[in-house]
Amino acid sequence: MRLTTRTKRSKQLIRLVRPNHVSANNLVYPLFIREDGKKIEIPSIKGQKYLSLEDVVETCNETLDLGIPAVMIFGLLKTKDSDGSVALQKHGFHTKIFKKLKKEFGDDLALISNVCLCDFTANESCVYMEKGKVLHEKTAEMLGKIAVVHAEAGADVVAPAAMADGQVRHIRSALDGEGFDDIPVMSYIKTDSCLFKPFFKAVTSSKVPRKGVDSSKFRADIINEKMFMQKVDLDVGEGADIIIVKPALTNLDLILRVKQKYPTIPIAAFQVSGEYAMIKSPSEKGLLSEKACLMETLSSIKRAGADIILTYYALEAAKVLKDRN
Ligand SMILES: [Zn+2]
């Protein structure tokens, strides 16, 4: 008789035949570090805390102890400016973060820098715009300059998040020009999504996050997989070393498509703030088991083809994996 689940006969057999196992080795923990030093829970991402330059080392130690090799750095400035030129200051906050962590951890912890204009521009737009039109070249050129500042300070990987066409080309060329030809570019490709909202609330100081900023002008249409793949083709063609698909759960098919089309390029998936909330809220009400739901979603993201997963749940997931062993 043909039975399909004989290999589930024991836990050992399941482990033996399982091809896409979630491992702490493939997780990245995103960190929000505040220049004003406020250490409070992030209201829109419950269970996660803002860090200061002082306590970021402790969190990174915990991350490393759990076997997670990398963190994604989001620096939250006290003051931004109209064109984001604060990003290029010699002793800016991001520079301090990378220098401190590099000094403390050397190569033990990979520091991934989120490179985007919204971290520095007063209106929190990810791109420069004029009369409703995205200025791709101007944006990409600025991202290249920011990438160099971060690499000089100690970033191991730069991850452009603005989705400006030409951003990978400009960053690659700027890094190479300054002797950082060994720094990989990890390019975000995002679809239009309501699931980013808790993140926007977490990184903004205004009551209405990103007021007047139309992000749909530069993100891929959620319905249109051809548009998404065009963007992947462009970024891979320009030299992206890793592609990040964001959000993860609503784009599992796109993760698979990227994997099939580019089997030699590492694929990352970002389990975003809204996905985190979709697990956290019902778990708090007792409707779901948080750990089971977390591991199921991470497993499905892995199965779709992601090699790397960025998640606010990285520490919890690593603890679950540790307990299993
Ligand atoms: Zn941005």
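Predicted, not measured: the structure shown is a model, and the values here were computed from it.

How would you sum up the pattern of salt bridges? Please name residues and give values.
All told, the structure shown has 17 salt bridges when counted by the stated rule. Between Lys-102 and Asp-156 there is a salt bridge whose closest N-O contact spans 2.9 Å. Taken as a pair, Lys-102 in helix H3 (residues 93-105) and Asp-156 in the loop between helix H4 (136-153) and strand S6 (157-160) lie far apart in primary sequence, 54 residues in all. Close ionic contact of Lys-231 with Asp-235 constitutes a salt bridge, the shortest N to O distance being 4.0 Å.

An account of helix H8 (residues 252-261) is needed here, citing residue identities and associated values.
Of all the residues in H8, the buried ones are Leu-254, Ile-255 and Val-258. For H8, the angular spread of buried residues about the axis comes to 105 degrees, placing them on one side. The inward-facing, buried residues of H8 abut helix H7 (225-237), strand S8 (242-246), strand S9 (267-271) and helix H10 (290-304).

Describe the nonpolar core, listing the residues and the values that go with them.
The biggest cluster of nonpolar side chains holds 115 residues, and the ones touching the most others in it are Phe-32 and Leu-175. In terms of residues, this core owes the most to one element, H4, which gives seven residues. Discounting residues that sit within four places of it in the chain, Leu-175 has contacts with Ala-147, Val-148, Ala-151, Val-158, Phe-180, Asp-181, Ile-183 and Val-185.

Describe the pairing of strand S10 (residues 308-311), and please don't skip the residues or the numbers.
Along any regular strand the residues' side chains alternate between the sheet's two faces. Residues Ile-308 and Leu-310 point to one face of S10 and Ile-309 and Thr-311 to the other, with burial holding for every one of them. Of the strand pairs in this sheet, strand S1 (residues 27-34) and S10 are connected by two bridges, and their pairing is parallel. Across the sheet, Val-28 pairs through a bridge with Leu-310, a residue of S10. Note: S9 against S10, four bridges, orientation parallel. The residue of S10 that forms the bridge with Gln-271 is Thr-311.

Reading the values: rules and limits
- Residues numbered from 1 in each chain as written.
- Predicted model: local features only at pLDDT ≥ 70, side-chain atom pairs only at ≥ 80, totals over all residues.
- Heavy atoms only, no water.
- Salt bridge = Lys/Arg side-chain N within 4 Å of Asp/Glu carboxyl O.
- Helix = DSSP H or I, 4+ residues; strand = E, 2+ residues; numbered from the N terminus.
- Buried < 20%, exposed > 50% of the residue type's maximum accessible area, 1.4 Å probe, protein only.
- Arc of directions from axis to C-beta.
- Contact = heavy atoms within 4.5 Å.
- Core = buried A, V, L, I, M, F, W, Y, C linked by side-chain atoms within 4.5 Å.
- Pairing = 2+ DSSP bridges.

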